[in-house]
Amino acid sequence: MAAADTGSPRRQRRRTPPGTAPGTLAADPAAEHSQLSLLSYGPSGLDERDSIAVADIGPARAGHACTWVNMDGLRDVAMVEALGATFGLHGLALEDVVNTHQRPKAEDYDGFLFVVLRMPAVSEHIATEQMSIFLGRDFVATFQERPGDWFGRVRSRLHDPASRLRAHGADYLMYALIDASIDAYFPILESMGERVERLEQEVLEAPNNEHARHIHRLRRDLLTVRRAVWPMRELLNGLLRDEHPAIQPETKVFLRDCYDHTVQLMDMIDTQRDMIGSLTDIHLSMVNTRMNEIMKVLTIIATIFIPLGFIASLYGMNFDPATSPWNMPELAWRFGYPFALLLMLAVAGALVFWFWHRGWIGGERALRRRAGARRRR
């Protein structure tokens, strides 16, 4: 979907050329096919219909206190316009519905309230999709980019005659939908927190190049969630602060609870962002430490072989002992070769002992032993 935020960098392109008349609807060619569902309810009963036509909405609303119309998929622009005509929705709001790169917001129109938010997409990867909500006196109309949402429990509560949803108006239904969309982020962030903890353990035990890619992916996923949650906090703050004729005062108490949830989500996001930042530093530190250990081992090996190479090159010089008694008399000695080997072995052993005494090899035990020796002095 062109409008879905999948966490990868994407260019948002307007589908209408500059200068197009306001309210012009242009569907995304990659949008899902449109499908309507309706759920009319009240204290006396409930009527639920799937795959209905726009013309059937009017008769289905009759005799019910509230109607919820949901549209999955935004390819059918004619259906969007027909729904707008049925409920008296403004053309600018409908334009924002099909242009699904809107920032979460709330706009008060004459006769209805228009709310845009981003909810988690039902997919294997962390992504968000735009959901548009129109709140009227006795109706709620929602537009989703694709089938599949987090409103199963809301629908189950509507089927319960004793539920609060059945007894309250359309504004309470809007609150329930917003609350479900916000709460859907909690399991996502909890799962990301577990991913961060597992990755931290792996980085501490055996860092490798793949960890950098996983850390980058975690950071992108967290940024996707933050871009969705942060403006929703401002959206709810506006709904609580401003007076909207469609929202009853008793419903604002529940909206305040949604606002508290967004604050909790932002706290979780900030905490995990700090953890991921620390994880990046830990990964770089572990990689550098591992590289330093490798370089130290190679340096020690090279240092040991430097004097051995000097001894071998010294005895490799082509001086004839028969010409002068000073020309390497050891070459004519019976034990000259074993002497050279023992000399090189003694030099290598002395260097290893010195490195160990200095704490350069032997790990933490050598360092603790050297620190204890200093304290005793």
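Parameters and conventions
- Residues take numbers from 1 onward in each chain, read along the sequence in its written order.
- A pLDDT threshold of at least 70 governs which residues receive local features in this predicted model, and a stricter bar of 80 or more applies before side-chain atom pairs are shown or counted, although totals over entire chains, interfaces and linings include all residues.
- Values reported for side chains reflect all heavy atoms of the structure, with hydrogen atoms and water molecules removed beforehand.
- Only DSSP runs of H or I with at least four residues qualify as helices, and only runs of E with at least two residues qualify as strands; both kinds are numbered from the N terminus onward.
- Only C-alpha atoms enter the radius of gyration; for comparison, a globular chain is expected to reach 2.2 Å times N to the power 0.38, where N is the number of residues.
- Contacts: residue pairs with any heavy atoms within 4.5 Å of one another.
- All accessible-area figures derive from a Shrake-Rupley calculation using a 1.4 Å probe, and residue coverage is judged against the displayed protein chains alone.
- His is not counted, nor are the chain ends, whereas Lys and Arg count as positive and Asp and Glu as negative.
- Positions of charges follow a simple convention, taking NZ of Lys, CZ of Arg, CG of Asp or CD of Glu.
- As used in this record, nonpolar core signifies buried Ala, Val, Leu, Ile, Met, Phe, Trp, Tyr and Cys residues forming a set joined through side-chain atoms within 4.5 Å.
- Here's how the labels work: a residue is buried when its accessible area is under 20% of the maximum for its type, exposed when over 50%, partly exposed in between, all with a 1.4 Å probe on protein chains only.
- In this description, strands pair whenever DSSP reports at least two bridges between them.
- Here the axes come from fitting lines to C-alpha atoms, over the contacting stretch only for helices, and the angles between their N-to-C directions go from 0 to 180 degrees.
- This arc corresponds to the set of directions leading from the helix axis out to the C-beta atoms.
- Counting of polar contacts relies on pairs of N or O atoms within 3.5 Å, with two restrictions inside protein: one atom must be capable of donating a hydrogen and the other of accepting it, and residues adjacent in sequence are counted only when both atoms are side-chain atoms.

Chemist: Please explain the overall build of the protein as it appears in this structure.
Modeler: The helix and strand inventory of the protein stands at eleven helices and seven strands. For 377 residues, the compact-globule estimate of 2.2 N^0.38 gives 21 Å, and the protein exceeds it by more than 25% at 36 Å. Sequence separation of at least 24 residues holds for 65% of the intrachain contacts in the protein that already meet a minimum separation of 6. When the accessible surface of the protein is split by element, carbon and sulfur atoms take 57% of a total near 20600 Å². Measuring between centres, the 43 positive side-chain charges of the protein sit 11 Å from its 46 negative side-chain charges.

Chemist: Explain the nonpolar core to me, please; I cannot follow it from the model alone.
Modeler: In globular proteins that are soluble, nonpolar side chains generally tend to be buried together. Leu117, Ile133, Val154, Leu173, Ile178 and Val225 are the most contacted members of the largest nonpolar core, which has 53 residues in total. Apart from the residues within four sequence positions on either side, Val154 is in contact with Trp68, Leu165, Leu173, Ala176, Leu177 and Ala180. In terms of nonpolar packing, the next biggest core, distinct from the first, is built from 28 residues, Leu36, Ala93, Val97 and Phe134 among them.

Chemist: Honestly, the side chain of His261 in this entry has me stumped. Any pointers?
Modeler: Counting through the fold element by element, His261 comes out in helix α9 (residues 249-314). The buried category is assigned to His261, whose relative accessible area is 15%. Apart from the residues lying within four places of it in its own chain, the contact partners of His261 are Asp179, Ile182, Asp183 and Phe186.

Chemist: So what exactly am I meant to see when it comes to the sheet that holds strand β5 (residues 112-120) here?
Modeler: Sheet strands associate in pairs through backbone hydrogen bonding, adopting either a parallel or an antiparallel arrangement. Here seven strands make up an open sheet; going across it, the order is β2-β1-β3-β7-β6-β5-β4 and the pairing mixed. With partners counted over all chains shown, the strands left at the sheet margins are β2 (45-50) and β4 (105-109), one partner each. Strand-to-strand twist of the sheet, defined as the mean angle between neighbouring strand axes without regard to direction, takes the value 15 degrees. When β5 meets strand β6 (residues 128-135), the two strands line up antiparallel, connected through eight bridges. Each residue of the ladder has a partner; that of Val115, found in β6, is Ile133.

Chemist: I'm lost on helix α2 (residues 77-87) in this one. Help?
Modeler: Think of an α-helix as 3.6 residues a turn; residues three or four steps apart then line up on the same face. By the burial criterion, the buried members of α2 are Val77, Met79, Val80, Leu83, Gly84 and Phe87. Along α2, the residues classed as buried sweep out an arc of 160 degrees about the axis, all on the same side. Seen from the buried face of α2, the exposed residues on the opposite side, beyond 90 degrees, are Ala78 and Ala85. For α2, the secondary structure elements touched by its buried residues are β1 (35-42), α1 (57-61), β3 (66-72), α3 (91-98) and β7 (139-144). At the N-terminal end of α2, a side-chain oxygen is found 3.2 Å from the backbone nitrogen of Ala78, two or three residues along, and the residue is Asp76. Backbone geometry just after α2 places Gly88 at a positive phi near 70 degrees.

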